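What follows is each chain in one-letter form.
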Amino acid sequence: MTRESQPGLRSDRSMAAPDAGHGEVLLSVQNLGVRFPTPRGDLQALDDVSIDLRRSRTLAIVGESGSGKSVLSRSILRLLPSKALVSPTARIVFDGIDLLAQSQAQMQKVRGRRIAMVFQDPMTALNPVRTIGSQLVEGLRLHLNMPSAAAYQRGLELLQQVGINSPERRLSQYPHELSGGMRQRVVIAMAIACQPELLIADEPTTALDVTVQAEILELLQRLQREHDMTMILITHDLGVAAGFADEIAVMYAGQLVERAVTQDVFKTPRMPYAAALLRSIPRLHDAPHAELFTIGGRPPTTYGDAPAGCRYAARCERRVARCDAETPPIAEGPPGHAFRCWRPLEWQ
Amino acid sequence: MKTAPVALDAVAPGLLIRVENLQVTYALGGTQRMRAVDGVSFDIARGETLALVGESGCGKSSVARALMQLAPASGGDIHLEGQSLARLKRSQLKQMRRRFQMIFQDPISSLNPKRRVRDILAAPLKVNGLYDKQKSEPRIREALELVGLDAASVMDRYPHEFSGGQCQRISIARALILDPALLVCDEPVSALDVSVRAQVLNVLNDLRRRLGLAMLFISHDLAVVRNVADRVAVMYLGRIVEIGEADAVLRTPAHPYTAALLSAVPVADPDAARERIRLKGEMPSPMSLPSGCRFRTRCPAAQPRCASDDPVLIDAGDDCRVACHFPFSVTSTVAAPRTPTAAPAFVPHTPQETAP
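As the structure is a computational prediction, the values presented were derived from the model and not from experiment.

### Quick word on the overall build of chain B
Okay, so step 1: Check the secondary structure of chain B and you find twelve helices and twelve strands.
Okay, so step 2: A burial count over chain B gives 46% of its 356 residues as buried.

Right, here's the structure in full:
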């Protein structure tokens, strides 16, 4: 079941995938809003997020803590806590299937098999009292009904694919016997076991050392190419996103604020927040003790309905009266480069 | 104080702290011992920031903890302003201990959630018997202003009312209240978001400038280190493998491990050349160290000699010292600003052996 395009999308609300025309849309998130009830009112975690992702592309979702990037990925997999409220108009369409309309039983067939996820902490993603082998073959037996001997063989292959030496020995080991980088390789092997079409990696290297991080990112890139996977990388690290993704989506206070191909976001950011974020990173070739650019204040936390206006306005250098009065829509400036701003930075 | 102070200033003017052959060993039950720090020596001058970098398990936090007297050093000595800490009595050590202050990675868990900011900052004064209701108040205010917080509005609030960056600034203010000579910062910005990290780094650089504060700055993030450090020491498996001026170490690394670390740093520029120096295998366990050079099992330039001789720190020019038999010659590594990750050519040069 595939669909060429998503009917009923209003162009001013959805961020069309850059490079439109290359590959069909595999995943389309439309008007997604997520709230969590709290004693202080409903906490707005995501507001009006629309994003399309084409097959075989890698999208990096970047943002600071609380920007909603992990809530977005968990919404796609329907892994939100049961108390979470999803906006009634929201749709998450994966290869023609409306994921929000699926029962949990139906989701079980998608999750792990067609959409897989790699989490930040490989230690908590693995069961400490079960061997690597038994965890690795579980998905194969469950989703693909493989007989155990075949699943074991496939497990060996998978460990080899993710660059683990002496896989026979590893299959009988427990997670604590492996290093952090090795554990993350096992988690990745589990994620690709059923050859998913979409792999969501949520901060997959944040807990790892820098040389191990580089190895894991290379591994993910290689697997993406070899299996022609579509990938979403969630990260707070702009450096990781720059070297990894085809496209970047920047999140701020629960909203998508900028979306373009990687080159455009880094070279010609239009939304002042994205530009400020880029300016505030220390770089290896800056002068020592150089004063870093800072963004004053902090992102707003919204309970209930958000007041009108841009959420970044209070911290923005380019703020004008309109920024406080009206919420900017997400709109394309140059083709393929969308942003949410009344007074975007100009680039020739 | 009874111990005779060594006149270190006569030898090296401005020397604040000298760590000599520091060893930190942890008992692992039974007769097993793990040597986390194995003979580490360095100096920190007044007003200087030395960054200690390396990956998990290299011993950098153990060095910090030993310096803070939080982990017992099993060997070596630490001299503060010429005074050997190993020879001090407990009461003298307590006096001295005030001169080192530490800030930790997680700013929220390092502040007592049940205390107001005012009490959090008064605590070090009370512990040291220096608290005086009248005189301490302005001192607390001053410390808060130094880290860029508005004292009047934050004094009576609780930690949960602040963001991570603000909590880290409160931690820094608490560390400053006893007027330390050395601030030990253990990954102080790793838990912070990009925009907040910049604020805290600016505060630290500002304190260095205004107060002439010396710092031992522990971090795994080389771009952060570049911003704060005057000198850099790179650690691997309990030893320093390269130490020198930040500029020299980070631009023209002499040790293959330093070069590999630098080449793995993600650069926030999609056009940056990404040529990584690949390390073989994984870091060996400190319980079963390789013979000879500890890095040889992963080193792309290892030679037979590396398996037999344990390299000591030798002069590598440019005010750098490196523990490697075949270091990169400084002239062969021209690091252009646009290609910070380019792999330096492997050109071994004959190092001049000097006394360690």
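Structure's up, so let's keep going.
### Examining the overall build of chain A
Okay, so step 1: When helices and strands are tallied, chain A shows twelve helices and 13 strands.
Okay, so step 2: Rg of the C-alpha trace for chain A: 21 Å, near the compact-globule value of 20 Å for 348 residues, within the 12% margin.
Okay, so step 3: Here chain A holds 348 residues, and 48% of them are scored as buried.
Okay, so step 4: For chain A, the proportion of contacts with a sequence separation of at least 24, taken over those separated by at least 6, is 65%.

### Notes on the interface of chain B and chain A
Okay, so step 1: Taken together, the contact between chain B and chain A spans 35 residues of the former and 37 residues of the latter.
Okay, so step 2: For the side of chain B that touches chain A, the secondary structure elements donating two or more residues are helix H8 (194–211), helix H9 (222–228), helix H10 (246–251) and helix H11 (256–263) of chain B.
Okay, so step 3: Of the residues forming the side of chain B that touches chain A, the biggest block, seven residues, is contributed by H8 of chain B.

### As for the pairing of strand S8 (residues 214–219) of chain B
Residues and elements named next belong to chain B.
Okay, so step 1: With six of six residues buried, S8 is to be regarded as a mostly interior element.
Okay, so step 2: With burial as the criterion, each face of S8 is covered, one bearing Ala214, Leu216 and Ile218 and the other bearing Met215, Phe217 and Ser219.
Okay, so step 3: Here five bridges tie strand S3 (residues 49–53) to S8, and the two strands are oriented parallel to one another. If you follow leucine 50 over to S8, its bridge partner there is leucine 216.
Okay, so step 4: Summarising the sheet, strand S7 (residues 182–186) and S8 pair through five bridges and their orientation is parallel.

### Structural notes on the nonpolar core
Okay, so step 1: Counting residues in hydrophobic clusters, the biggest one holds 201 residues, and the most contacted among them are Leu216 and Val234 of chain B.
Okay, so step 2: Top element by residues in this core is helix H7 (residues 180–192) of chain A. It accounts for eight residues.
Okay, so step 3: Split by domain, the residues of this core number at least three in each of domain 1 (8–229) and domain 2 (254–265 + 275–280 + 291–348) of chain B.

### Re helix H4 (residues 117–127) of chain B
All names here are of chain B.
Okay, so step 1: All buried positions along H4 are accounted for by Val117, Ile120, Leu121 and Ala122.
Okay, so step 2: In this fold, the buried residues of H4 make contact with helix H5 (133–146), helix H6 (151–154) and helix H7 (164–176).
Okay, so step 3: At the exit of H4 stands glycine 129, carrying a positive phi of roughly 65 degrees.

### Quick notes on the sheet that holds strand S13 (residues 338–339) of chain A
Okay, so step 1: Taking strand neighbours across the sheet as the criterion, the eight strands line up as S7-S8-S9-S3-S10-S11-S13-S12 (chain A) in an open arrangement whose pairing is mixed. Among the strands making up the open sheet, the edge pair consists of strand S7 (115–118) and strand S12 (331–332) of chain A.

### Notes on the packing of helix H4 (residues 132–144) of chain A against H7 of chain A
The description of two helices packed together rests on the angle between their axes and the distance between the axes.
All names here are of chain A.
Okay, so step 1: Their axes nearest at 8 Å, the elements H4 and H7 cross at an angle of 20 degrees. As summarised for this structure, H4 and H7 are arranged roughly parallel, according to the angle between their axes. Helix-helix and strand crossings are classified by hand; for H4 and H7 the assignment is right-handed. Residues Ile132, Gln135, Leu136 and Gly139 of H4 lie in contact with H7, whose contacting residues are Val186, Ala189 and Met190.
Okay, so step 2: The residue makeup of the contact of H4 with H7, split by class, is five nonpolar, two polar and no charged.

### Thoughts on the confidence of the model for chain B
All names here are of chain B.
Okay, so step 1: With 88% of its residues at a pLDDT of 70 or more, chain B shows a mean pLDDT of 86.
Okay, so step 2: No element of chain B has a lower mean pLDDT than helix H1 (residues 8–11), at 47, and none a higher one than strand S9 (residues 231–236), at 97.
Okay, so step 3: Low pLDDT, under 50, characterises residues 1–11; the predicted model gives this stretch 17 contacts beyond four residues in sequence or across chains.
Okay, so step 4: In the predicted structure, residues 331–356 sits below a pLDDT of 50 and forms 47 contacts with residues beyond four places in sequence or in another chain.
Okay, so step 5: In the predicted complex, the global pTM is 0.86; the interface-specific ipTM is 0.84.

### Let's talk about the domain arrangement of chain B
Okay, so step 1: For chain B, the assigned domains read domain 1 (8–229) and domain 2 (254–265 + 275–280 + 291–348).
Okay, so step 2: Placing the centre of domain 1 of chain B and that of domain 2 of chain B at their C-alpha centroids yields a distance of 31 Å.

### Things to note about the sheet that holds strand S1 (residues 15–27) of chain B
Neighbouring strands of a sheet are bound in pairs by backbone hydrogen bonds; such pairs are parallel or else antiparallel.
All names here are of chain B.
Okay, so step 1: Spatial ordering of the open sheet is given by S2-S1-S4-S5, a layout of four strands whose pairing is antiparallel. The open sheet terminates on both sides in strands that have one partner only, identified here as strand S2 (33–45) and strand S5 (83–84).
Okay, so step 2: Bridge analysis of S1 against S2 gives ten bridges, and the strand direction is antiparallel. The partner of leucine 15 across the bridge, within S2, is alanine 45.
Okay, so step 3: Contacts from helix H2 (residues 60–67) reach S1, S2 and strand S4 (75–80), with the element oriented near 70 degrees to S2.

### What to know about the pairing of S1 of chain B
Residue and element names in this part refer to chain B.
Okay, so step 1: Hairpin connection between S1 and S2: a loop of five residues separates the two successive antiparallel strands, and glycine 29 in this loop has a positive phi of roughly 85 degrees.
Okay, so step 2: For S1 and S4, the ladder comprises five bridges, and the chain directions are antiparallel. Across the sheet, glutamate 20 pairs through a bridge with aspartate 77, a residue of S4.

### Description of the environment of alanine 214 of chain A
Okay, so step 1: By secondary structure assignment, the location of alanine 214 of chain A is in helix H8 (residues 210–227).
Okay, so step 2: Accessibility expressed as a C-beta count within 10 Å gives 26 for alanine 214 of chain A, which makes it buried.
Okay, so step 3: Between the C-alpha atom of alanine 214 of chain A and that of arginine 54 of chain A, which follows or precedes it by 160 residues, the distance is 26 Å.
Okay, so step 4: Non-local contacts of alanine 214 of chain A, meaning those with residues more than four positions away in its chain, are made with Ala264 and Arg276 of chain B.

Conventions we followed
- Residues numbered from 1 in each chain as written.
- Chains lettered and ligands numbered in written order.
- Predicted model: local features only at pLDDT ≥ 70, side-chain atom pairs only at ≥ 80, totals over all residues.
- Helix = DSSP H or I, 4+ residues; strand = E, 2+ residues; numbered from the N terminus.
- Buried ≥ 20, exposed ≤ 12 C-beta atoms within 10 Å, placed from the backbone.
- Rg over C-alpha atoms; globule rule 2.2 N^0.38 Å.
- Contact = placed C-beta atoms within 7 Å.
- Pairing = 2+ DSSP bridges.
- Core = buried A, V, L, I, M, F, W, Y, C linked by C-beta atoms within 7 Å.
- Domains from an automatic or database assignment.
- Axes fitted to C-alpha atoms, helices over the stretch in contact; angles between N-to-C directions.
- Parallel < 35°, antiparallel > 145°, perpendicular 65-115°, else oblique.
- Left-handed = near helix turned anticlockwise from the far one by under 90°.
- Nonpolar A, V, L, I, M, F, W, Y, C, P; charged D, E, K, R; others polar.
- pLDDT = per-residue confidence, 0-100.

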